Amino acid sequence: MANHKEHLLYGAAAGAAAYLIAYNLSGREFSVAEFIGATLSGMATAKLPDLIEPADHPNHRSTFHSVTFSTTALPIAWQWTQSKREEHLKLVDKYAELAAQAVIEQEKQMWQQRAFWHKFVAGAILGIVPGYASHLLADALTPKSLPLLG
Ligand SMILES: [Zn+2]
């Protein structure tokens, strides 16, 4: 069974990779805030399956570890996160533009901070599903593998 630390590591890698792919496809400039957001949320959601179904007995893997859940709920969740992410990226663009137009330095900083925050959130949203999926993938590769339904 993949342990606590391994799940965190895989989740971080999944979140980071998801951002790097999105970054390459987007044509947007690289964002440290988004990268960190995706990495952290990947780590957090990589812990989720075992928080819902704790590894307290050998057959703890149930519905939220199941093949059915992975192939139905995760794609739906992915679509949802993609649309939420788009909303935040639009806000990023809006605040970046306001920052560029701002004459007063304080105002500029305020818009820049908002743009930064929404970048972080856009990244965090991106890491949710890959982090969760990394957990199931790691578990699937163990001898016990995943249940079909739970
Ligand atoms: Zn697990």
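The rules we used
- Residues numbered from 1 in each chain as written.
- Predicted model: local features only at pLDDT ≥ 70, side-chain atom pairs only at ≥ 80, totals over all residues.
- Heavy atoms only, no water.
- Core = buried A, V, L, I, M, F, W, Y, C linked by side-chain atoms within 4.5 Å.
- Buried < 20%, exposed > 50% of the residue type's maximum accessible area, 1.4 Å probe, protein only.
- Helix = DSSP H or I, 4+ residues; strand = E, 2+ residues; numbered from the N terminus.
- Contact = heavy atoms within 4.5 Å.
- Expected span 1.5 Å × (residues − 1).
- Bend = angle between axes of the 7 residues up to and from the residue.
- Salt bridge = Lys/Arg side-chain N within 4 Å of Asp/Glu carboxyl O.
- pLDDT = per-residue confidence, 0-100.
- Donors = N, O, S within 2.8 Å, 3.2 Å for Na, K, Ca; no water.
- Tetrahedral: all angles 85-135°; square planar, octahedral: opposite > 155°, others 65-115°.
- Polar contact = N/O pair within 3.5 Å; in protein donor to acceptor, adjacent residues only side chain to side chain.
- Axes fitted to C-alpha atoms, helices over the stretch in contact; angles between N-to-C directions.
- Parallel < 35°, antiparallel > 145°, perpendicular 65-115°, else oblique.
- Left-handed = near helix turned anticlockwise from the far one by under 90°.
- Nonpolar A, V, L, I, M, F, W, Y, C, P; charged D, E, K, R; others polar.

Draft legend 1. Spotlight on the nonpolar core. In terms of nonpolar packing, the biggest core is built from six residues, these being Phe-69, Leu-74, Val-129, Tyr-132, Leu-136 and Leu-146. For this core, the element with the highest residue contribution is helix H5 (residues 105-140), accounting for three residues. Contacts of Leu-136, omitting those with residues within four sequence positions, involve Pro-49, Phe-64, His-65, Ser-66, Ser-70, Leu-74 and Leu-146.

Draft legend 2. Molecular detail of H5. The end-to-end C-alpha distance of H5, which contains 36 residues, comes to 53 Å, matching closely the 52 Å that a straight helix rising 1.5 Å per residue would cover. Largest kink in H5: about 30°, centred on Ile-128, with the proline Pro-130 one to four residues after it.

Draft legend 3. Examining the pattern of salt bridges more closely. All told, the structure shown has four salt bridges when counted by the stated rule. A salt bridge links Asp-139 to Arg-61; the shortest N-O distance between them is 3.4 Å. With Asp-139 in helix H5 and Arg-61 in the loop between helix H3 (48-52) and helix H4 (67-101), the pair connects residues that are 78 residues apart, well separated along the chain. An identical accessibility class is assigned to Asp-139 and Arg-61; each is buried. The salt bridge involving Glu-87 is made with Lys-84; its shortest N-O contact spans 3.4 Å. Highlighted residues: Glu-87 and Lys-84, both in helix H4, separated by three residues, approximately one helical turn. The class of Lys-84 is partly exposed, set by a relative accessible area of 26%.

Draft legend 4. Representation of the confidence of the model for the chain in the model. Put simply, the chain has an average pLDDT of 94, and 99% of its residues get 70 or more. Element-level pLDDT for the chain is lowest in H3, with a mean of 94, against a maximum mean of 98 in helix H2 (residues 32-46).

Draft legend 5. Layout of the coordination of the zinc ion. Coordination of the zinc ion by the protein comes from Asp-50 (OD), His-65 (NE2), His-135 (NE2) and Asp-139 (OD), over a distance range of 2.1 to 2.3 Å. Because the angles between the four donor atoms bound to the zinc ion fall within 81 to 175°, the donor set is best described as irregular. Mapped onto the polypeptide sequence, the residues donating to the zinc ion form the spacing pattern D-x14-H-x69-H-x3-D. Of the two residues, Asp-50 is situated in helix H3 and Asp-139 in helix H5; the sequence distance between them amounts to 89 residues. This pair shows no difference in class: Asp-50 is buried, exactly as Asp-139 is.

Draft legend 6. Region of the structure containing the environment of Thr-71. Within the fold, Thr-71 resides in helix H4. A relative accessible area of 54% places Thr-71 in the exposed class. Within the local environment of Thr-71, its side chain forms a polar contact with the backbone oxygen of Thr-68, the two atoms lying 3.3 Å apart.

Draft legend 7. Looking closely at the side chain of His-65. With respect to the helices and strands, His-65 occurs in the loop between H3 and H4. Not counting the four nearest positions on each side in its chain, His-65 is found in contact with Pro-49, Asp-50, Glu-53, His-60, His-135, Leu-136, Asp-139, Leu-146 and Pro-147.

Draft legend 8. Quick look at the packing of H4 against H5. Two elements in contact, H4 and H5, have axes whose closest approach is 8 Å; the angle formed by their N-to-C orientations is 165°. In this view, H4 runs roughly antiparallel relative to H5, as classed from their interaxial angle. Note on packing geometry: the crossing formed by H4 with H5 is left-handed. Tallied by class, the residues present in the contact of H4 with H5 amount to 24 nonpolar, seven polar and five charged.

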